[in-house]
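As a plain string of letters, each chain reads:
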Amino acid sequence: MKTLMMKGFAIVFFAAAMGVVGSAAAFWPQPTTACTAANEGSLETVYRRTRWGEESFTYYCISDAWELRERCDTRTGSCVAY
C-alpha cells in the first residue's frame with residue numbers, strides 16, 4: 001500500500017513539475033526577427049524589465065529556430081547558460 005501511494009505521489013509530483021517548467025518558458029521574451037537561413041548562426045539579445053532590474057536573454061539562430069543560450073540578471077551580474 002505504501003509503495004503504491006509513493007508511486008502515485010511521484011507521478012503527480014513529476015506531472016506538476018513538468019507543467020510548471022513548460023509554462024515558465026512562455027513568459028520569456030522571444031526575438032522579434034525571424035530565424036532564417038540568411039541569419040543562421042547569429043545571436044540576438046532581448047531585454048525585459050523586472051521589478052528588481054533588467055534581464056537579458058541571448059538567443060542563437062540555428063536550423064530556422066531561435067535557441068535560448070543564456071539568461072542574465074543585470075542587477076546581480078549572474079548568468080545562466082542553457
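The sections below set out a description of the structure shown in this document.

Conventions and cut-offs
- Residues numbered from 1 in each chain as written.
- Predicted model: local features only at pLDDT ≥ 70, side-chain atom pairs only at ≥ 80, totals over all residues.
- Heavy atoms only, no water.
- Core = buried A, V, L, I, M, F, W, Y, C linked by side-chain atoms within 4.5 Å.
- Buried < 20%, exposed > 50% of the residue type's maximum accessible area, 1.4 Å probe, protein only.
- Helix = DSSP H or I, 4+ residues; strand = E, 2+ residues; numbered from the N terminus.
- Contact = heavy atoms within 4.5 Å.
- Pairing = 2+ DSSP bridges.
- Axes fitted to C-alpha atoms, helices over the stretch in contact; angles between N-to-C directions.
- Polar contact = N/O pair within 3.5 Å; in protein donor to acceptor, adjacent residues only side chain to side chain.
- Disulfide = S-S within 2.5 Å.

1. A few points about the nonpolar core
Consideration 1: C35, V46, F57, Y59, C61, W66 and L68 form the largest nonpolar core, which has 7 residues in total.
Consideration 2: Among the elements of the structure, β2 (54-62) and β3 (65-73) are those that each provide at least two residues to this core.
Consideration 3: Counting residues per element, this core draws most heavily on β2, which supplies 3 residues.
Consideration 4: Not counting the four nearest positions on each side in its chain, Y59 is found in contact with W28, P29, Q30, P31, S42, L43, E44, V46, W66, E67, L68 and R69.

2. Observations regarding the sheet that holds strand β1 (residues 43-49)
Consideration 1: Reading across from one edge, β1-β2-β3-β4 is the order of the 4 strands in this open sheet, with antiparallel pairing throughout. Of all the strands in the sheet, the pair left with one neighbour each is β1 and β4 (78-81). Within the sheet, the average angular offset between the axes of one strand and its neighbour, ignoring direction, is 25°.
Consideration 2: Where β1 lies against β2, 7 bridges are found, and the strand directions are antiparallel.

3. Some remarks on the pairing of β4
Consideration 1: Pairing analysis gives 4 bridges linking β3 to β4, with the strands arranged antiparallel. Bridging across to β4, E70 finds its partner in A81.
Consideration 2: Linking β3 back to β4 in an antiparallel pair, the connection comprises 4 residues, with G77 at a positive phi of about 80°.

4. Thoughts on the environment of E40
Consideration 1: Within the secondary structure, E40 is located in the loop between α1 (2-24) and β1.
Consideration 2: In this structure the C-alpha to C-alpha distance between E40 and Y60, which are 20 residues apart in sequence, comes to 8.1 Å.
Consideration 3: Here S63 takes part through its backbone nitrogen, which lies 3.4 Å from a polar atom of the side chain of E40.

5. With respect to the state of the cysteines
Consideration 1: Taken as a whole and judged by the stated rule, the model has 2 disulfides.
Consideration 2: Residue pairing for C72: its cysteine sulfur links by disulfide to C79, the two sulfurs lying 2.1 Å apart. The S-S bond linking C72 to C79 shows a torsion near 110°; that makes this disulfide right-handed.
Consideration 3: Looking at C79, the relative accessible area reads 41%, which means it is partly exposed.
Consideration 4: Here the cysteine-cysteine linkages of the chain are recorded as 1-2, 3-4, numbering only bonded cysteines and doing so in sequence order.

Any link to function would need more than the numbers given here.
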